[in-house]
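Given next are the chains, with one letter for each unit.
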Amino acid sequence: MRYIVVILASVIWLSSPAQAEVRAVYDFETRAQELRFQELIAELRCPKCQNQNIADSNAPISEDMREQVYRMMKNGASNEEIVDALVSRFGEFIKYKPPVDKRTILLWAFPAIAVIGGFLLVAGVVWRSRRRDEEGSGLSEADKSRAERILSGEEDQSERL
Amino acid sequence: MYPELGQLALILALLLAVLLSVVPLAGALTGRDSLQAFARPLASGMFVFVGLAFAILTHAFLTDDFSVAYVANNSNSLLPWYFKFSAVWGGHEGSLLLWILMLSGWILAVATFSRKLPTVMISQVLSVLGMVAVGFMLFIIVTSNPFDRLLPNIPADGRDLNPLLQDIGLIIHPPMLYMGYVGFSVAFAFAIAALINGRLDAAWARWSRPWTTVAWSFLTIGIALGSWWAYYELGWGGWWFWDPVENASLLPWLSGTALMHSLAVTEKRGVFKSWTVLLAIITFSLSLLGTFLVRSGVLTSVHAFASDPERGKFLLMLLGITILASLVLYAFRAPVVHVRSRYGSLSREIFLLLNNVLLVSATMLVAIGTLYPLVLDYLQEEKLSVGEPFFNMTFSPLAIAAGLLLGAGIFSRWKKTDGGWLARKLLWPLAISVLATAAVMIGYGGFTPWAFAGLFTAIWVTVATFWDIRDKSASRKGRLQGLKRQSRSYWGMVLGHLGVAMVMAGATVVSNYGIERDVRMVPGDSAMAGDYRLVFTDIGQRSGPNYTSQYGSFDLFLDGEKVSELHPEKRNYTVGMSMMTEADIDAGLFRDVFVAIGERIGDNAWAIRLQYKPLIRWLWLGALVMAIGGFLAISDKRYRIRVRKEAVSETQGPQTSGKPVEVTP
Amino acid sequence: MKRLFMFLPLLVALGVGVFLFAGLGKDPTKLESALIGKPVPEFSLPSLKNPEQTLDTSVFKGQVSLLNVWAEWCPSCWEEHEYLMHLANDKGVRIVGLNYKDTREAAFRFLNSLGNPYETIIFDSEGSLGFDLGVYGAPETYVIDAEGVVRFRHVGVVNQKVWEEGLLPVINQAKGES
């Protein structure tokens, strides 16, 4: 039911006899340009598909968008200009890379916050455990040395996970 | 008549599930053995009835019984029998039935293989599992009945299975995936039982571990199969898209990996208990969340089932009750008191805790990224997309950090590792890794920072793992003896880590050194991808059982030598009137060459997609290696201790019961 | 104090649950137009009926109108057309048609079968105006005010519910301002 919508749309589109059955394959002068094109169309989203980029989608609108990207590239536009031109028509939805602004700052900053926060927590765990040890375990000296011996004996076997 | 029996079987299974939820638990809480003894027979009975329902649905498919709505929507008389069989789980209702079948199977397995566990514990575990089963059975009977009939107007033929699903991938991917999702319910049930009875100790961790590891292994295979299937089936050569449904499967995997490692620490040292219990609850909750996301329509995905808000509401309620009840229980009953234990800053415990930090951060990252569009739409009525570029940029550093930590952590000791000793230990592996990375990068012909980071991490993990094997297998009786002395648990861990390294290597290499071309070709033309030359020889019409196709012929050359012939197709499925492109792939251990036919251009020319994919198979082989590692680890003899020894070790208390007891020399 | 931390996962889960519940029933494929509040993009296209006549944005100046994007190959357009006839004939709504990626023959076939509710029809055979408007799937219907500014877009079939809840309020508001 999912992909069928896209396929049916393109089948309907292609089955009208008056329509040209053309799908453009784009020519590039350099490999670098070809790569740049591939990257651009991989990062732009087809507005009507069930979550596909315009590189992989067969929908007519994706074709139109690819055409636009190619044309603008040939005319010397920068990546930013190309994306902006499409966003001004279709909205920010078509960018797979979310913008970095106050709406999305939490999203982008999250990994760093989580990892740093986590590391701090772990540091806290270590510090607390060290402090607990320094405060003394309340054992007598004899018990303590016995405990050490047992513990160090255990140390040898404890590499096995 | 049979479909009605199927429905009846489901209802009976539900009744048994209700009894299973209540009776053994009541017996455990009141100390009545007689009630607890019902657990195993109830589990068996439930499995039998669910199995019967599943068999009846399968029978309906195989006999083309189009009076059953689900069969009419997902099958067709022209469909080959093996696809009719797998079409049983090709749609929402049937896949849920598969879910429940697997759940019943796991419940029966827990009931059968836990004779050595205390009855009170097992009764509670089975009751919790019974409650989960009740929820899902209610869902299927009330909202998603696979046995609904289309009487009296039985359609002459079915609507056919979606051509994308007419593939071997459908036969194995969902079952493996569900084995994983459902399997985490066992760790969940153990956690809930421990919270209920207050017995949260290293023994609990040891019992949970094998179940968790098996579920994790299946999920690993399931996800890898999904990626592999998308790669060759969807025709674009992609293997991971960070699509919401894909992410939904990755979430419990990441959390499950953290859980596996956390359980190791809790079993070994009796610490981090609250954290481990929380992880067990979270992992299964993520499984449930995934089930909800895929079927409710709140997120857009090519992989989603047809969405139905009514079902979505029911499922959300089910999800909500399960997760909220467990988290309330957790909030009130999880131990807060610290175990008096000391660990140094470079101890194995801390390394594993840091591993958890990274994995849980990754889990939250994927969850937040996936749900962000939903949240933003709700709060600000704005539609944004969060896709591949975002996840690649944010997830990769976490993966690399985890890999780097892994390499160092392999050498860490429990309780305390000396910093200087560790640093000296790591010098040689570091040097070797740098050299090896440089060599590989020169071999593939290019330096980019990401490629270096990914490759170095993969090689670092590999070198560190082998270095550790070398250390541990040092023995007076010779290296072979030293190797034999290592437990299966150890080898499982080795394979698990090597598998991760393989996946990282594959992902890094194919992303950085792969070549994709879209070219216009007429028969006779040739095109290059890297060192490979593809020659278009012919294209003609062919027919299959339920389709007609444009059948292309290509010759593949490497350095002038013909390597293989490739035959991609464009298929037209007659019933559904849909078009599918079937790529052909020259597969190899170290590279794939991928060819797909696009649209026709003009009279004679076709848009051909040609891709060179170095090391791509390592992605899935690495996952397979990981899963084998998991299965190997649980076959360790410490999990096969006989009842007598178990009784002895239990009375010695939490600290010692974590140690493997040698049963036989 | 420590005990309070244990409630944190519960709170997070509740929060997520709220968002998931809110997301149910919403259609994630209905996008809002990026042109709301902006003028209709400049264009110069022939009229469908009169090939010599060139239409541009002045066709929207002076009164509030609906701009309906349609095509003969679009099945849903056949579905909604009856209601558009009702809006034009019975309710006196001014509808400008944008014939999107069609041939003249196909367009006329459509109109001859179902009738013509459009005051004027822009013939956009290449889909260039459609693309500039951000059309991604026919049918789409826009509310354009008397200054030629886009006020609202509906993606999908126009029926009574859509008219009453979506289009009419915006039209009234636009009319009230002019």
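Here the residue numbers are simple positions, counted from 1 along each chain's written sequence. For this description, chains carry letters from A and ligands carry numbers from 1, given in the order in which they are written. The model is predicted, so local features are restricted to residues of pLDDT at least 70 and side-chain atom pairs to those at 80 or more, both for listing and for counting; the totals for chains, interfaces and linings are taken over all residues.

Draft legend 1. Structural context of the overall build of chain C. Starting at the N terminus, helices and strands are each numbered in turn, a helix being any DSSP run of H or I of at least four residues and a strand any DSSP run of E of at least two. The helix and strand tally for chain C stands at 6 helices and 7 strands. For chain C, the C-alpha radius of gyration of 21 Å lies well beyond 16 Å, the compact-globule estimate for 178 residues. The principal-axis extents of the C-alpha atoms in chain C amount to approximately 80 × 35 × 30 Å. Within chain C, buried positions represent 40% of all 178 residues. In this treatment the radius of gyration is a C-alpha quantity, and the globule benchmark scales as 2.2 Å times the residue count to the 0.38 power. Counting other C-beta atoms within 10 Å of each residue's C-beta, where C-beta atoms are placed from the backbone, gives the exposure class: buried for 20 or more, exposed for 12 or fewer, partly exposed between.

Draft legend 2. Structural detail: the interface of chain B and chain C. Two residues qualify as a contact pair if the distance between their C-beta atoms, derived from the backbone, is within 7 Å. At the interface, 23 residues of chain B touch 20 residues of chain C. In the scheme used here, Gly and all other residues not listed as nonpolar or charged are polar, with Ala, Val, Leu, Ile, Met, Phe, Trp, Tyr, Cys and Pro taken as nonpolar and Asp, Glu, Lys and Arg as charged. Class assignment of the residues belonging to the side of chain B that touches chain C gives a composition of 17 nonpolar, 4 polar and 2 charged.

Draft legend 3. Representation of the pairing of strand β5 (residues 561–566) of chain B within the structure. Residue and element names in this part refer to chain B. Strand pairing is assigned whenever DSSP detects at least two bridges linking the two strands. Of the pairings in the sheet, the one linking strand β4 (residues 547–558) to β5 comprises 5 bridges and is antiparallel in character. Paired with F554 across the bridge in β5 is L566. In this antiparallel pair of consecutive strands, β4 and β5, the connection spans 2 residues, and D559 shows a positive phi of 50°.

Draft legend 4. Spatial organisation of the interface of chain B and chain A. Contact with chain B, which involves 59 residues of that partner, is made by 44 residues of chain A. If you list the elements that add at least two residues to the side of chain B that touches chain A, you get α13 (348–380), α14 (388–409), α18 (488–513), β1 (515–521), β7 (578–582) and β9 (591–601) of chain B. Per-element accounting of the side of chain B that touches chain A gives the leading share, 13 residues, to α13(B). Along the lines of polarity and charge, the residues of the side of chain B that touches chain A split into 30 nonpolar, 17 polar and 12 charged.

Draft legend 5. View of the sheet that holds β1(B). Residue and element names in this part refer to chain B. Taken in spatial order, the 4 strands of this open sheet run β1-β10-β9-β8, and their pairing is antiparallel. Edge positions in the open sheet fall to β1 and β8 (584–586), since each of these has one partner strand only. Strand-to-strand, the axes of this sheet are offset by a mean angle of 20°, without reference to chain direction. Inspection of the sheet shows β8 paired to β9 by 3 bridges, in the antiparallel sense. Each residue of the ladder has a partner; that of D586, found in β9, is V593. Note on geometry: axes are C-alpha line fits, over the in-contact stretch for helices, and angles between N-to-C directions span 0 to 180 degrees.

Draft legend 6. Expanded view of the pairing of β9(B). Residue and element names in this part refer to chain B. Remark: 4 residues form the turn of the hairpin made by β8 and β9, two consecutive strands paired antiparallel. Sheet analysis places β9 next to strand β10 (residues 605–614), joined by 9 bridges and oriented antiparallel. Looking at the pairing, I601 lines up with A605 of β10. Hairpin geometry of β9 and β10 is characterised by an intervening segment of 3 residues between the two adjacent antiparallel strands and by a positive phi of about 70° at G602.

Draft legend 7. Seen up close, the nonpolar core. Residue and element names in this part refer to chain B. Note on definitions: a nonpolar core is a set of buried residues drawn from Ala, Val, Leu, Ile, Met, Phe, Trp, Tyr and Cys, linked by C-beta atoms within 7 Å. If you look at the biggest cluster of nonpolar residues, it comprises 301 residues, and the most contacted ones within it are A13, M46, I100, I107, A133 and F190. Looking at this core, the element that brings in the most residues is helix α9 (residues 202–233), giving 19 residues. Non-local contacts of M46, meaning those with residues more than four positions away in its chain, are made with A13, L16, A17, L20, S104, I107 and A133.

Draft legend 8. The environment of P429(B), seen in detail. Residue and element names in this part refer to chain B. Tracing the backbone through its elements, the reader meets P429 in helix α15 (residues 419–444). Assessed through the 23 C-beta atoms surrounding it within 10 Å, P429 is described here as buried. Taking the C-alpha atoms as reference points, P429 and K570, 141 residues apart in sequence, are found 50 Å from one another. Filtering out sequence-adjacent residues up to four positions away, P429 remains in contact with G407, V463, A464 and W467.

Draft legend 9. Up close: the sheet that holds strand β5 (residues 120–124) of chain C. Residues and elements named next belong to chain C. An order of β5-β4-β3-β6-β7 is seen for the 5 strands of this open sheet, with the pairing classed as mixed. In this open sheet, the two strands that pair with only one neighbour each are β5 and β7 (150–155). Across the sheet, the axes of successive neighbouring strands diverge by a mean angle of 20°, strand direction being ignored. Bridging between strand β4 (residues 95–100) and β5 involves 5 bridges; their strand directions are parallel.

Draft legend 10. Spotlight on helix α4 (residues 79–90) of chain A. An expected span of 1.5 Å times one less than the residue number is assigned to each helix. Along its 12 residues, α4(A) runs 16 Å from first to last C-alpha, staying within 8% of the 16 Å computed at 1.5 Å per residue. Every buried residue of α4(A) is listed here: I82(A), V83(A), L86(A), R89(A) and F90(A). The arc that holds the buried residues of α4(A), viewed along the axis, is 130°, so those residues lie on one side. Where α4(A) is buried, its residues meet α2 (31–43) and α3 (60–74) of chain A together with α5 (128–133) of chain C. Residue G91(A) follows α4(A) closely and has a positive phi angle near 95°. In this description, the arc belongs to the directions extending from the helix axis to the C-beta atoms.

Draft legend 11. Examining the environment of W240(B) more closely. Structurally, the position occupied by W240(B) is in the loop between α9 and α10 (244–269). With 69 residues separating them in the primary sequence, W240(B) and I171(B) have C-alpha atoms 20 Å apart.

Draft legend 12. Inspection of the confidence of the model for chain C at higher detail. The predictor's confidence in any single residue is recorded as pLDDT, a number from 0 to 100. Here chain C shows a mean pLDDT of 91. Residues at 70 or above account for 98%. Confidence metrics for the complex model read pTM 0.89 and ipTM 0.89.

Draft legend 13. Molecular detail of the packing of helix α6 (residues 92–113) of chain B against helix α7 (residues 119–143) of chain B. Residue and element names in this part refer to chain B. Relative to each other, α6 and α7 sit at 165°, their axes nearing to 10 Å. Taken together, α6 and α7 sit at an angle that is classed as roughly antiparallel. Between α6 and α7 lies a crossing of left-handed hand. Listed contacts from α7 to L96, L97, W99, I100, L103, S104, I107, V110 and A111 of α6 are V125, L126, L129, V132, A133, F136, M137 and I140. Among the residues forming the contact of α6 with α7, the class breakdown is 16 nonpolar, 1 polar and no charged. For classification, angles of less than 35 degrees are called roughly parallel, those exceeding 145 degrees roughly antiparallel, those between 65 and 115 degrees roughly perpendicular, and all remaining angles oblique. A crossing counts as left-handed when the near helix is turned anticlockwise from the far one by less than a right angle, and as right-handed when that turn is clockwise.

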